[in-house]
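Descriptive structure summary
These are the residues of each chain, in order.
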Amino acid sequence: MKAMERYWNPVLETLPREQLQKLQFKKFHNIFKWAYEHSKFYYKLYSDAGIEPGDIRTFDDIRKVSKVEKSMLRAIQGKEPYPYGDILCVPLEQVTEYHQTTGTTGQPVFQADTWQDWEWCAESWAYILYAQGYRNRDRVFLPFGYSTAIAFWQAHYALEKIGCEVIPGGVLNTEARILKMQELRATALMATPTYVLGMADVARRKLGIDPAKDLQIKKITVAGESGGSIPATRKRMEEAWGAKVYDHVGATEIGAWSFECTYQSGLHVNDALFLVEIEDTDTGELITEPGRKGKMVITAFDRIAQPCIRFDSKDIIQWSPDKCQCGRTFRLIKGGVIGRADDITKVKGVLLAPTSIEEVVRSIPELGDEYEVLVTKKGDIDDITLKVELLPGQESKTDLVKTKLTDQLRLKTNLGYNLEFHKYNTLPRYDVKSKRFKDLRHKE
Ligand SMILES: [Zn+2]
């Protein structure tokens, strides 16, 4: 592929780091000044902290700017201008799009966008899709009713912007979606990792269709869960569909800030549209070197109705030491979003990221895709149970699998588990996002 055909925006995606940082500073300053001058919420936040646009003179000064947390966004909504509250920087008349967060971590946050913002949203997704090889020859199936969730609406418009043909598969059930993909010879698909695996299972069991052989899906973009960046889960999806699987991470309040390219060497941060900072969760110190985990503080530069400036996302990420062969100068993060500062929990005094359990379960070929983790308390002691399913025909291997699981879990998570083996297809199945990790301790 010629270099210029590889990038959606050849200039920005290959800009030398020094120039990229200059651009980031300029853009940060613009959005900061815009919010200070147009939003009562931001004006008060910054005035209370004694900071104004004139104080931000260098790139390092950005760290003086107050952070925003989700709880603050929830506290102002429901007030005038209704329902967004005084974070809004434009008159309500200019708002053309309503979306909301999925509410997995509490009351949904409302998101207002102007038409200009919406064009920007499609643009930010176009970087992702183009980097993953989507072109105007693709026919893309979206097996969801997108409703008020933003990601697949953005993807839909971005696909059209690139010139792809989009098939919205919202009202169909899973079987009908698979048959539609087959009938129309869809070449690509977007879904959560849970649903990508779930659809393949339904295709094989209920329709006798092997997605890898009988469908023409060549690429799958996943979102909404960490599975796309967990090697064992990615491998299962790629084998089930005979397709390449690419991860992307975004958030309603911020935008689609990262993407994997066809080289699959980690998530590129879109440094031209966002500023990603990684902070030590204890000290708040800025982390610039690879390999050290911290929480992400993120700014979207160009979204004007309801700006998101230095948002404390609580997502745990780390910089990658690698350089991607694609030639983009955008930085890479390794292993996707490893967890959220809120869900990385202590069990028996050990820090546990639920994604590491997934990595172990999905790397054992005798096990099905589903699993469930229950954390409870017996007296003062934490107790952790892992429920798994053996694939049909593998029932005689229970002892072997038990040994593999125990050893791998000990190695990856430093914990011992009660293991329960369940009959295939008896653990709960989820359509969109899974709820496989259940911490029941605080309820007892
Ligand atoms: Zn790359």
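Below is a summary of the structure that appears in this document. On a predicted model such as this, the values are computed, not experimentally measured, just so you know. (Residues numbered from 1 in each chain as written. Predicted model: local features only at pLDDT ≥ 70, side-chain atom pairs only at ≥ 80, totals over all residues. Heavy atoms only, no water.)

What to know about the nonpolar core
Formally: Take the buried residues of types Ala, Val, Leu, Ile, Met, Phe, Trp, Tyr and Cys, join any two whose side-chain atoms come within 4.5 Å, and each joined set is a nonpolar core. Exposed residues in this analysis have more than 50% of their type's maximum accessible area, buried residues have under 20%, and partly exposed residues fall in between, with area computed by a 1.4 Å probe over protein chains only. Every helix listed is a DSSP run of H or I at least four residues long, and every strand listed is a run of E at least two residues long, numbered separately from the N terminus.
Core analysis: the biggest nonpolar cluster contains 100 residues, and M190, W241 and W257 have the highest contact counts within it. Top contributing element to this core by residue count: helix α6 (residues 115-131), with 10 residues. V361, Y371, Y417 and L419 belong to the second largest nonpolar core, which has 20 residues in total.

Description of the packing of helix α11 (residues 231-241) against helix α12 (residues 354-362)
Helix-helix packing is characterised by the crossing angle of the two axes and by the distance between the axes. Rule in force here: Lines fitted to C-alpha atoms define the axes here, with helix axes fitted over just the stretch in contact, and angles between the N-to-C directions of these axes take values from 0 to 180 degrees. Under this scheme an angle from 65 to 115 degrees is roughly perpendicular, one under 35 degrees roughly parallel, and one over 145 degrees roughly antiparallel; angles in between are oblique. Residue contacts follow a heavy-atom distance rule, with two residues in contact if any of their heavy atoms lie within 4.5 Å. When residue character is reported, Ala, Val, Leu, Ile, Met, Phe, Trp, Tyr, Cys and Pro are called nonpolar, Asp, Glu, Lys and Arg charged, and the others, Gly included, polar.
Where α11 meets α12, the axes come as close as 7 Å, and the angle between the chain directions of the two elements is 45 degrees. The angle between α11 and α12 falls in the class oblique. Along its contact with α11, which presents P231, A232, T233 and R236, the element α12 presents E358, E359, V361 and R362. The class makeup of the residues in the contact of α11 with α12 is 3 nonpolar, 1 polar and 4 charged.

Things to note about the pattern of salt bridges
Formally: Basic side-chain nitrogens of Lys or Arg form a salt bridge, by our definition, when they fall within 4 Å of a carboxyl oxygen of Asp or Glu.
Scanning the model with the defined rule gives 38 salt bridges in all. Between E277 and R310 there is a salt bridge, with the nearest N and O atoms lying 2.9 Å from each other. Placement of the pair is E277 in strand β10 (residues 274-279) and R310 in the loop between β11 (294-300) and β12 (311-317), with a sequence separation of 33 residues. Its salt-bridge partner being E372, residue K438 comes within 3.0 Å of it at the nearest N-O pair. Highlighted residues: K438 in strand β20 (residues 437-439) and E372 in strand β17 (residues 367-378), separated in sequence by 66 residues. Within the structure, one salt-bridge network assembled from shared partners comprises R63, K67, E277, E279 and R310.

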